[in-house]
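What follows is the residue order along each chain.
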Amino acid sequence: MNSPQRILFICLGNICRSPMAEFIMKDLVEKAGLGGHFSIASAATSSEEWGNPVYPPARRKLLEHGISCEGKTARQMERRDYQRFDLLIGMEAQNLRDMERICGGDPQGKMRLLMDFTQRPGNVADPWYTRDFETAWRDISEGCQGLLQALAEN
Ligand code: 4NP
């Protein structure tokens, strides 16, 4: 792996999907012995949940898999995140539209959808509405594994 990879995961509220992605990805890179190569964070497109901790069912799902997200609180992404990160990864198509609005476009082609790194591209359904945190876990884990593989091949 070449230069450090700075990755920002993004969803609507930053209390369910993007913090799950943040801490799953941190766990994967640590287990791969690549922790030093990565800087990983997450943020929201909305200001709705600013300052709130990870939503308890999402936190419990991570803990079931031995992953702690202690200390994480939601923040809204800002325009300068575009220069602070190499990849900005949304969970659903509406996130991408909001990310482009916040950043004033994507001139360097840094924005992606998480499930584009899997065999089944599309959205990560929002468990805030579906209440299905197991499906969210499976989708996000698969996306993060595909992302790590894609980065490791470069
Ligand atoms: P997330 O889920 O985008 O995966 O963090 C949501 C959390 C909160 C709200 C919507 C989605 N909300 O409307 O407050």
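Residues numbered from 1 in each chain as written. Predicted model: local features only at pLDDT ≥ 70, side-chain atom pairs only at ≥ 80, totals over all residues. Heavy atoms only, no water.

Asks: Which parts of the structure should I look at to understand the overall build of the protein?
Replies: Check the secondary structure of the protein and you find six helices and four strands. Starting at the N terminus and walking to the C terminus, you meet the elements of the protein as β-α-β-α-α-β-α-β-α-α. Taking 15 Å as the expected radius of gyration for a compact globule of 154 residues, we find that the protein reaches 14 Å, a close match to that expectation. Considered along the principal axes of its C-alpha atoms, the protein spans approximately 35 × 35 × 30 Å. The long-range fraction of contacts in the protein, counting pairs at least 24 apart against all pairs at least 6 apart in sequence, stands at 74%. Put simply, the protein shows about 7,500 Å² of open surface, and 47% of that area lies on carbon and sulfur atoms. Taking the average location of the 19 positive side-chain charges in the protein and that of its 21 negative ones, the two points are 3 Å from each other. (Helix = DSSP H or I, 4+ residues; strand = E, 2+ residues; numbered from the N terminus. Rg over C-alpha atoms; globule rule 2.2 N^0.38 Å. Contact = heavy atoms within 4.5 Å. Areas by Shrake-Rupley, 256 points an atom, 1.4 Å probe, with all protein chains shown as cover. Lys, Arg positive; Asp, Glu negative; His and termini not counted. Charge placed at Lys NZ, Arg CZ, Asp CG, Glu CD.)

Asks: Sorry if this is basic, but what is going on with the site of the ligand here?
Replies: Surveying the vicinity of the ligand reveals the residues Cys11, Leu12, Gly13, Asn14, Ile15, Cys16, Arg17, Glu48, Glu49, Asp126, Trp128 and Tyr129. Between the ligand and Gly13, the relevant distance is 2.8 Å, taken from an oxygen atom to a main-chain nitrogen or oxygen of the residue. Side-chain polar atom of Arg17 to an oxygen atom of the ligand: 2.8 Å apart, as the coordinates give it. In isolation the ligand exposes 350 Å². Once the protein is present, 91% of that is buried. Given that more than half its atoms are within 2 Å of the pocket grid, the ligand belongs to the largest pocket. Residues of the shell around the ligand, tallied by class, amount to six nonpolar, two polar and four charged. (Near = heavy atom within 4 Å. Polar contact = N/O pair within 3.5 Å; in protein donor to acceptor, adjacent residues only side chain to side chain. 1 Å grid on protein atoms, 1.4 Å probe; cavity = no way out; pocket = protein on both sides within 12 Å on 5 of 7 lines; lining within 4 Å. Sits in = over half its atoms within 2 Å of the grid points. Nonpolar A, V, L, I, M, F, W, Y, C, P; charged D, E, K, R; others polar.)

Asks: Please clarify how a nonpolar patch on the surface should be interpreted in this entry.
Replies: Together, Leu12, Trp128 and Tyr129 make up an exposed nonpolar region whose accessible area comes to about 320 Å². Structurally, Tyr129 is set in helix H5 (residues 127–130). Given a relative accessible area of 61%, Tyr129 falls into the exposed group. (Patch = residues over 30% accessible without salt bridge, like charges linked within 9 Å, V, L, I, M, F, W, Y side chains within 5 Å. Salt bridge = Lys/Arg side-chain N within 4 Å of Asp/Glu carboxyl O. Buried < 20%, exposed > 50% of the residue type's maximum accessible area, 1.4 Å probe, protein only.)

Asks: Looking at this structure, I do not really get helix H6 (residues 133–152). What am I missing?
Replies: An α-helical turn contains 3.6 residues, so a residue and the one three or four places further along point in the same direction. Between its first and last C-alpha atoms H6 spans 28 Å; for 20 residues at 1.5 Å apiece the expected length is 28 Å, and the two agree. The complete set of buried residues in H6 reads Phe133, Ala136, Trp137, Asp139, Ile140, Ser141, Gly143, Cys144, Gly146, Leu147, Leu148 and Leu151. Looking at the buried positions of H6, the neighbouring elements they touch are strand S1 (5–11), helix H1 (17–31), strand S2 (38–44), helix H2 (56–64), strand S3 (87–90) and H5. In this structure Asp132 caps H6, since a side-chain oxygen of it lies 3.3 Å from the backbone nitrogen of Glu134. (Expected span 1.5 Å × (residues − 1).)

Asks: Help me out: how do you make sense of the sheet that holds strand S4 (residues 111–113) in this one?
Replies: The strands that make up a sheet are held in pairs by hydrogen bonds between backbone atoms, and each pair lies either parallel or antiparallel. Taken in spatial order, the four strands make up an open sheet running S2-S1-S3-S4, and their pairing is parallel. Edge positions in the sheet fall to S2 and S4, since each of these pairs with one other strand and no more. Strand-to-strand twist in this sheet, taken as the mean axis angle between neighbours without regard to direction, amounts to 25°. For S1 and S3, the ladder comprises four bridges, and the chain directions are parallel. Within S3, the residue paired with Ile7 across the bridge is Leu87. Where H1 meets the sheet, its contacts fall on S1 and S2, and the angle it forms with S2 comes to roughly 170°. (Pairing = 2+ DSSP bridges. Axes fitted to C-alpha atoms, helices over the stretch in contact; angles between N-to-C directions.)

Asks: Help me understand the packing of H1 against H2 in this model?
Replies: Angle between the axes and distance between the axes are the two parameters that describe a pair of packed helices. For the pair H1 and H2, the least separation of the axes is 10 Å and the interaxial angle reads 20°. Classified by the interaxial angle, the pair formed by H1 and H2 is roughly parallel. Between H1 and H2 the crossing geometry is right-handed. Counting all contacts with H1, which are made through Met20, Phe23 and Ile24, the residues of H2 involved are Ala58, Lys61 and Leu62. By residue class, the composition of the contact of H1 with H2 is five nonpolar, no polar and one charged. (Parallel < 35°, antiparallel > 145°, perpendicular 65-115°, else oblique. Left-handed = near helix turned anticlockwise from the far one by under 90°.)

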